[in-house]
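Below are the chains, spelled out letter by letter.
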Amino acid sequence: QVQLVESGGGSVQAGGSLSLACAVYGYTDSVGCMGWFRQAPGKEREGVAGVYTAGGATYGTYYVDSVKGRFTFYQDNAKNTLYLQMNSLKPEDTAMYYCAASYRVCSMPLLHNNFNYWGQGTQVTVSS
């Protein structure tokens, strides 16, 4: 069992920054991929970034094209927490953001049906 808790969402102006956190609890030895997804009202859940990680090591980091160069996904092993640093935010980034864990190795695109555990979500709103 894996438990995920997101935090750090909020409301910012276009061009601003936010840092999202995903605290990870429980048994994680079987996890092959950690991902960030987002879902706006009326839209499909979209994979944003993924980290293939095991034993505290990062083996690969992946981003959807629309966030490359703006978002950074990294882990803090001391805190058992993963972060999504979001810079140069745009109104189209507005969505509920979810942390997720999968038994599968990461691949792009990240497909939400492949993920087994989900956090509660944290809202990100970017105004123009």
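You'll find the structure just up there.
Residues numbered from 1 in each chain as written. Predicted model: local features only at pLDDT ≥ 70, side-chain atom pairs only at ≥ 80, totals over all residues. Heavy atoms only, no water.

(A) Region of the structure containing the nonpolar core. In terms of nonpolar packing, the biggest core is built from 30 residues, with L4, M34, F73, L84, M86 and Y97 touching the most fellow members. The contact partners of Y97, leaving out residues within four places of it in the chain, are E6, L20, W36, F37, R38, V48, F71, L84, M86, G121, T122 and V124. Ranked by size, the runner-up nonpolar core spans 6 residues in total, among them C33, C106, L110 and F115. (Core = buried A, V, L, I, M, F, W, Y, C linked by side-chain atoms within 4.5 Å. Buried < 20%, exposed > 50% of the residue type's maximum accessible area, 1.4 Å probe, protein only. Contact = heavy atoms within 4.5 Å.)

(B) Structural detail: the state of the cysteines. Following the criterion strictly, the structure yields 2 disulfides and no others. Bridging C22 to C99, the disulfide has an S-S length of 2.0 Å. In this structure the cystine formed by C22 and C99 twists about its S-S bond by roughly -75°; its chirality is therefore left-handed. With C22 in strand β3 (residues 18–26) and C99 in strand β9 (residues 95–102), this residue pair connects regions lying 77 residues apart in the sequence. Residues C22 and C99 agree in their burial class; the two are buried. Between the sulfur of C33 and that of C106 lies a disulfide, 1.8 Å long from S to S. Here C33 and C106 share a disulfide; its torsion about the S-S bond, 95°, makes the bridge right-handed. With C33 in strand β4 (residues 33–39) and C106 in the loop between β9 and β10 (117–118), the pair connects residues that are 73 residues apart, well separated along the chain. For the residue pair C33 and C106, the accessibility class agrees, reading buried in each case. Ordering the disulfide-forming cysteines of the chain by sequence position, one finds them joined as 1-3, 2-4. (Disulfide = S-S within 2.5 Å. Helix = DSSP H or I, 4+ residues; strand = E, 2+ residues; numbered from the N terminus.)

(C) Focus on the sheet that holds strand β8 (residues 81–86). Reading across from one edge, β1-β3-β8-β7 is the order of the 4 strands in this open sheet, with antiparallel pairing throughout. Strand pairing shows two members of the sheet lacking a second neighbour, β1 (2–7) and β7 (71–76), which therefore form its edges. Neighbour-to-neighbour, the strand axes of the sheet open up by a mean angle of 20°, direction not taken into account. Strand direction decides the pairing type here: β3 and β8, joined by 6 bridges, are antiparallel. Each residue of the ladder has a partner; that of L18, found in β8, is M86. (Pairing = 2+ DSSP bridges. Axes fitted to C-alpha atoms, helices over the stretch in contact; angles between N-to-C directions.)

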